[in-house]
Amino acid sequence: MSPVLERRPQSSTVMRVIAPVIAALAATLITLVLLALSGKAPMEGFYALFLAPLATPSGWAQVLVKSAPLALIGAGLVVAFRARVWNIGAQGQYIAGAVAGSVLVIYRPEITGGWVLPVILLLGAVGGMVYAAVPAWLAIRFNANVILSTLMLDYVALAGLHYLTFGPWRNPANFGFPGSVSFPASASLPLLWPGTQVDLGVLLAFFAPLLVWGLLRFSLFGYQVRVSLSEAASVYAGFSRARMVWQSLLLSGGLAGLAGILQVAGPIGQLQTDISSDLGFAGIIVAYLAQLNPLGVMPAALLVGLFYVGSANAQITLGLSAALGELLQGILLLALLAANVLVHYRLRWRQA
Amino acid sequence: MNAAAWISLLSAVVVAATPLLLAATGELVCERAGLLNLGVEGMMAVGAVSGFITAYHTGSAYLGLLAGIGAGAACGILFAWLTVQWVADQVATGLALTIFGHGLSGFLGHSYAGDTITALAPLAIPGLASIPWLGAIFFDHSLPVYLALFFVFAIYWFLYRSRAGLTLRSVGEDPAVAHSLGLPVNPTRHAAAAFGGAMAGFAGAFLSTAYTPMWAEGMVAGQGWIAIGLVVFATWRPLRLLGGAWLFAGVGVGQLFSQAAGLSINTYLLSALPYLAVLLALVLISRDPLRIRLNTPASLGKPFRAET
Amino acid sequence: MDRGRESKLDKQAAVGPPRLELLGLSKHFPGVKANDEVSFEIRRGEIHALLGENGAGKSTLLKMIFGLLKPDAGQIKWEGRIIQIGSPRHAQSLGMGMVQQHFALLESLSVAENLALTLNRRGRFDLERIVHQIEAAANEYGLKVPARRPVHHLSVGERQRVEILRCLLQEEPLRLLILDEPTSVLTPQESKALFAVLRNLAADGLSILFVSHKLEEVRALCDRVTVLRKGEVVARLDSAKEAVDELARLMVGEAPPPLLLSEKRKDAGPVRLQVEGLNLPAADPHGMPLRNINLELRSGEILGLAGVSGNGQAELLAALTGERRSPTKSILIDGLPVGYLDVRARRRLGLRYVPEERVGKGVVPELSLIDNGLLTRWGRFLKKGWMRSREARESAWRLCERHHVRQTGVEHPAASLSGGNLQKFIMGRELDEQPTIFIAAQPTWGVDVASARRIQSQLLELRARGAALMVISDDLEELLALSDRIAVMSGGRISPVRSIDGIDRKELGRWMGAGREGWESLNDVA
C-alpha cells in the first residue's frame, strides 16, 4: 500500500478551512520536538509560548496589540496576492508609513488640536502608498520584477530609517541613543483599555479585513481581482493589468503604511530604529495562513501575534532565542503549504 | 589611490562576489529547471549557522563548509518536496523557507552570538599567485573563492554541452512535453532544487567561516535576494553571472572603501547602495520585455503534475 | 458474419500476426469513464485507423498504450506477450513511437537538440552525430528538416516531420508508429505527402495506428478501422471502404441534427468592419507578424478565415478586438478609426468575440458561473463601483437556461462544465448582448456534435439578423458550410477573399501551404 494523490474534480472548501488548523497543530508538534532536541523542556516551552500569554488579561492585551499591524498588513497583502502582484515589500512600506507619519511631529512638535491625529494617520497611509508606487511604476514602465524590486526597497527603507533615527531626527535629549522625540498626546492614539497598550489603532486594524472583504466581495475592483487569476481572461474582460498592479500595490502599501504609523503613534510612541521587528514578513505569513481570504486574516493575525508575544515571553522566562517566533512562523507556513495539498488532491491508498 | 589600494579593492571585490556567485549559480540551475526558489536568503542563513556551529565545535572550517552545504541541500530538498511532490505554490514556499531559515539560524545561533572561529585559510595557487596584479586579485584566496569561479564555468558546460543539462533545460521549458518524452521531470527538479540549496548553503557557510568568522545574527543581510536578482540580471545565462556578481560586490566593497577613505556621505545612506544598484540593474535589464520573455525558462514558477 | 471471418483470415495471411493487442482496457477519471473495455489488434505492416469524434476517448487510449497512463483494468499484448508498459521510455524500448496531436517539441531547442533528448541515451553526447543521423534519415524517408534550426522557426509540417523522424531514429527499431490526428495541422498537400510516406513505411512492415476523426482520410489511407464512441468500441471494420455515411453514423451515434441552413447571403450589406494596410510586429518571440492585411466585413455575411493555426490568425484576432492596439486608421468600425481603442471601447461599438482558448480566457475556471457570466459585460451590472450581485446571479441562471447549458448550479466553478456546455455558455454570453460585429475563433473545436450544430445554427441566425460575422477555424469543412466568403491566412498575410460559390478547394489548399507565392500576383477579387 502506498499513498497517491488524486486530483479532486473541484477544490475542497472544507479543506481550505481545516488545512490551517492541521498546519497549526503540526507546527506546534514540530516546535516541541525542536525544543526537546535543543535540550529544553518541551512542555515548559509549550506553556511559555502558547499558554502563558493567554493566562492573563494583560497577556491578551499584548496579543491584540501585536496582531493589529499584522491584520492591517495581511489584509492588504491578501488583495495583492490574489491579484497575483507579489508585493514582498510590506516591510519597507510599513517603515515609509511610520516615517511619513512622523514628519509632522518631528518638525512641529508643539502642535495640538483634534485634526493632528487624523492628519498623521493619513500621512502614514500616503507614505506607504508612495513607497509602494515606486515598484508599481518600475513594473509598469520598465517591466521590473515586483518581487525583487519591493524586496530591494525593504533594505533601502531600513537604511533610510537608520539614517533618520541616528542622524537628523535623533532626539538630542536621548543621550546619544537613536530615536526621535516622543509623540505628544495630541498626536498619539487614545487608549481603549486603560493599563494596557490597546488603543484606537487596534480597533481600526481589526476593521480593515472586514472592509477588504466587502471590497473584494461586492465591488468592481474585487471582481477585477478575482478575474486576475487568469491574465488572458482579464485581457478578454477589458481590464487593464497596469491598473490592477497600481491599485493592488497602492492598497497594500497604504495599509502597511497605516500599520507603521499606528505603531509609532500608539504602542511605541516614537520613531525608533527597530520599529518593524519583521512585521512585514509576518504579514505575508498572515495572508497565506488566511488562505488569501480576508475573513481569515483576523484569526491568522491573532495566532501570529500570539507567536510574537509567546516567544518574547519564552525569551524572558526560559532564555530561548527571540528568533523562536520567526522559526515558528516559518514552520507554520511550511506546514500549511503541505496541508494545502489536500485542498486540491485527495489522498488515496493504492496497492504498491 | 595607488596600485596597492586598487589591488586590495579588486581582491576584496572578488571575495565579496563569492557568496553571490555561489548562491546565484545554484538558483540559476534551479530556475532553469522551472523552480523559482525564493528561499535563497533563508537557505543561506541555515548554511551559515550550521557551518559556523560545526566549525566551532570541530575546529575545522572545512567541515563547517560541508555542514553548510548539507544543510542547504536539505532545505532545497524540502522545497522540492513541497513544490514538486505536493504541488505547493512556489512563491509561498520560497518565502516560507526564507522566514524559516532566518528563524532557525537565529534560534540555533542564539548561544553563539559574538563567538569567533579560525577563518578558512587562504590557499595561494603556486605560480599564478605571483603574477603581478592578477595574482593578488584572483589567486590568493580561500578555496570557496576558486570553487565559485569553477562552478560558473562548470554549470555553463553542464547546461550547454551535456545531455543531463539539455534534459534540465527541457524540463524547465516545458515539463509536460519533457514528461511525455519519458524524461525524468520530477527527479530532475528534485536534483536541481537540492543543488540550488547546497550552493546557497555553501554561500552561507562561506560567509560564516571565511568572510566574517564570527557569529552574528542576520549576517546574510539580503545577499540571498541579491543572488536571485543576479540570476535575472544574467538573463539565466551562467557566464553573465560573473559580471553581475562583480558589479554588485563592487558597489558594496566600494561603499566600505569610501567610508574608510573618509568620504563625507552618511554610512547609513551608503549602505543602501548595493540594493539600489540591484534595483537599477534590474530595471535596465528588464526594459525590453521581449528579451526577458525569450530568456526566462518558460515553465518558471508554474506547477506541474503528471496524470497517473 | 461468415464472410467477415473469411476476409479477416485473408487479411491476416497477407499482413502477418498481430503486433499489438488490446484486451479490455478501461480507464476512469473522477466523474468520467474515458475508456470502457476497449479491445482491438494491429498487425504487422498494417495501417489501422482509430476513428472517433472529439472526446471519444482516443487520447486516453493512446496514453495507456504509450505508458503515460496506467489502465484501471485490461491487458496489453505486444508481439504475443502480455506486458505492462510503465513509461514512454519503456514503450520506446519495445519499438513503439508516438506523434502526439500537440507536438512534444521544445520550442527553444534546435531540431538536433530535441532529438538528442531521446536518441542514443547511453552513448556519448554528440550533437554532430545526431545532425548526421537526421540528414541521412531525412534523405532515406523523404522527410526534409533543417537539423540545426531552433524549432520555433519551423513550420507545422516540418515539426511533424521532426516528430516522425524521432520515432524512426529511435534506438529500438520502430515497429509501431502511433499518429494522433496527424492531419489536423496540415494543408491538404502536406497531408498527401504524409500519406505517401506512411504507405512506404507500412510496405516495409511498420504497423501504423492512425487516429483521426476525418472520415475521408481514413477511407483513403487505412486498411482496417476501429470506431470508438464514448469510450467504447462500437465497430471493428475489416475494410475501410465502408460508405462515409455509415462511418459517420458509427462514429457519432444517432444521426446529427441537420444544420439549420438559411439561404446564403442575398445582398452585401454595408461594411461594418474594415482593415486597411494593417502591419503589426510580433508581440511574442514565437509569434507571427501581420503583414499588410486588408479586408472588409459586411453586414449580413459570414467571412470564413481558413488556414493552419499559427499563421497569424491569433495576432489578427488580437488586433481586431483591441487586445493589441494598432495604428489608428488601420481598423475601422462603421467608418470610425478604432485602432487605438481598447477591448471595452470596441465592445461598446458592438464588436464581440469568442476566443479560441475557452478555459483560462473565455472563462476563469476557478470562478463561479455567476462571475464568469459577467466577464465581458460587467459594465451592465455596475452601480457606482459596486456589482449588483442579485442581478448577476439571475442573469447567470437565465443564460444557462436560454442556451441549454447543463450545470450543477451557477455558484459552482466554470471548471465543472463539460466542453460543449462551456462553449454554449461562452457563446450565449456574447450572443445575448446583440453584437453587430461578431468574431468567433474555432467555435466548435472539441465540442460534441449536437452542441456544435447548435452553435453553428446560432451563427447563421445572427447573420440573418444582419450582423457581420467572421469565423476563424482550422476546419475547412466547417468554413465551407457556414461562410459566404472565405479567405486564407498564411505567414501573417491574408489571401484574396473568394466567394463561396464555385470555390476551388485546391486553390485554398495551395494558399494554406504555399503562402504568398500562391496569390501574390492576383488582384484582390473580393
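Residues numbered from 1 in each chain as written. Chains lettered and ligands numbered in written order. Predicted model: local features only at pLDDT ≥ 70, side-chain atom pairs only at ≥ 80, totals over all residues. Heavy atoms only, no water.

Undergrad: What am I meant to see in the interface of chain A and chain B here?
TA: Interfaces are often sized by the accessible area lost when the parts come together. In this complex, chain A contributes 41 residues to the contact, which on the side of chain B involves 47 residues. Summed over both sides, the interface of chain A with chain B buries roughly 4000 Å², with 81% coming from carbon and sulfur. On inspection of chain A and its partner chain B, the count reaches zero salt bridges. At the junction of chain A with chain B, the criterion picks out four residue pairs in polar contact (both at pLDDT 80 or more). Breaking the side of chain A that touches chain B down by element, the ones donating at least two residues are helix H5 (116-142), helix H6 (146-166), helix H11 (279-289) and helix H13 (324-339) of chain A. Take the side of chain A that touches chain B: its biggest share by element is twelve residues, from H6 of chain A. For the side of chain A that touches chain B, the class distribution of residues is 32 nonpolar, eight polar and one charged. (Contact = heavy atoms within 4.5 Å. Buried area = accessible area lost by both parts, 1.4 Å probe. Salt bridge = Lys/Arg side-chain N within 4 Å of Asp/Glu carboxyl O. Polar contact = N/O pair within 3.5 Å; in protein donor to acceptor, adjacent residues only side chain to side chain. Helix = DSSP H or I, 4+ residues; strand = E, 2+ residues; numbered from the N terminus. Nonpolar A, V, L, I, M, F, W, Y, C, P; charged D, E, K, R; others polar.)

Undergrad: Can you help me understand the sheet that holds strand S2 (residues 32-43) of chain C in this one?
TA: Two modes of strand pairing occur in sheets, parallel and antiparallel, and in both the strands are linked by backbone hydrogen bonds. Residues and elements named next belong to chain C. Taken together, four strands build an open sheet; the order of strands is S2-S1-S4-S5 and the sheet is antiparallel. Every other strand in the sheet has two partners, leaving S2 and strand S5 (81-83) as the edge strands with one partner each. In this sheet, adjacent strand axes meet at a mean angle of 25 degrees when their direction is disregarded. Sheet analysis places strand S1 (residues 18-29) next to strand S4 (residues 73-78), joined by five bridges and oriented antiparallel. From the neighbouring strand, Ser-26 faces S4, where its bridge partner is Ala-73. Of the strands in this sheet, S1, S2 and S4 touch helix H2 (residues 58-65), which is tilted by about 120 degrees from S1. (Pairing = 2+ DSSP bridges. Axes fitted to C-alpha atoms, helices over the stretch in contact; angles between N-to-C directions.)

Undergrad: I'm lost on the interface of chain C and chain A in this one. Help?
TA: The interface of chain C with chain A comprises 31 residues on the first partner and 22 residues on the second. Regarding the contact of chain C and chain A, the summed buried area is about 2100 Å², with carbon and sulfur atoms giving 66% of it. At the surface where chain C touches chain A, the tally comes to one salt bridge. Those elements giving two or more residues to the side of chain C that touches chain A turn out to be helix H11 (343-348), strand S16 (351-354), strand S18 (386-387) and helix H14 (419-431) of chain C.

Undergrad: Sorry, what's going on with the domain arrangement of chain C here?
TA: The assigned domain composition of chain C is domain 1 (1-95 + 206-254) and domain 2 (271-350 + 435-518). Between the C-alpha centres of domain 1 of chain C and domain 2 of chain C the distance comes to 37 Å. (Domains from an automatic or database assignment.)

Undergrad: Teacher, can you tell me more about the pairing of S16 of chain C here?
TA: Two faces make up the sheet, and in a regular strand the side chains alternate between them. Residues and elements named next belong to chain C. Burial along S16 is two-sided: the face carrying Leu-351 and Tyr-353 and the face carrying Arg-352 and Val-354 are both buried. Two strands pair when backbone bridges link them, and S16 and strand S19 (residues 437-441) are joined in this way by four bridges, in the parallel orientation. Along S19, the bridge assignment pairs Val-354 with Ala-440. (Buried < 20%, exposed > 50% of the residue type's maximum accessible area, 1.4 Å probe, protein only.)

Undergrad: Got a minute to help me understand the packing of H5 of chain A against H6 of chain A in this structure?
TA: The angle between the axes and the distance between the axes are what describe a pair of packed helices. All names here are of chain A. With their axes 10 Å apart at the nearest point, H5 and H6 run at an angle of 145 degrees to one another. Here H5 runs over H6; the crossing is right-handed. Where H5 approaches H6, its residues Tyr-131, Val-134, Pro-135 and Ala-139 are matched on the opposing element by Val-146, Ser-149, Thr-150, Leu-153, Val-156 and Ala-157. (Left-handed = near helix turned anticlockwise from the far one by under 90°.)

Undergrad: What exactly am I supposed to notice about the nonpolar core here?
TA: Soluble globular proteins: nonpolar side chains tend toward being buried together. In this structure, Phe-81, Ile-88 and Tyr-288 of chain A together with Trp-225 of chain B are the most contacted members of the largest nonpolar core, which totals 216 residues. With 15 residues, the single largest contributor to this core is helix H1 (residues 3-32) of chain B. Other than its neighbours up to four places away in sequence, Phe-81 of chain A contacts Trp-86, Asn-87, Ile-88, Ile-284, Ala-287, Tyr-288 and Leu-292 of chain A. Grouped together as the second largest cluster of nonpolar side chains are 86 residues, Phe-239 of chain A together with Leu-320, Leu-375 and Met-470 of chain C included. (Core = buried A, V, L, I, M, F, W, Y, C linked by side-chain atoms within 4.5 Å.)

Undergrad: Is there a simple way to explain a nonpolar patch on the surface in this structure?
TA: Residues and elements named next belong to chain A. On the surface, Leu-54, Trp-60, Leu-192, Trp-193, Leu-203, Phe-207, Leu-210, Leu-211 and Leu-295 cluster together into a nonpolar patch covering about 870 Å² of accessible area. In terms of residues, the nonpolar patch owes the most to one element, helix H7 (residues 200-218), which gives four residues. Tracing the sequence through the fold places Leu-54 in helix H2 (residues 42-55). For Leu-54, a relative accessible area of 32% translates into the label partly exposed. (Patch = residues over 30% accessible without salt bridge, like charges linked within 9 Å, V, L, I, M, F, W, Y side chains within 5 Å. Areas by Shrake-Rupley, 256 points an atom, 1.4 Å probe, with all protein chains shown as cover.)

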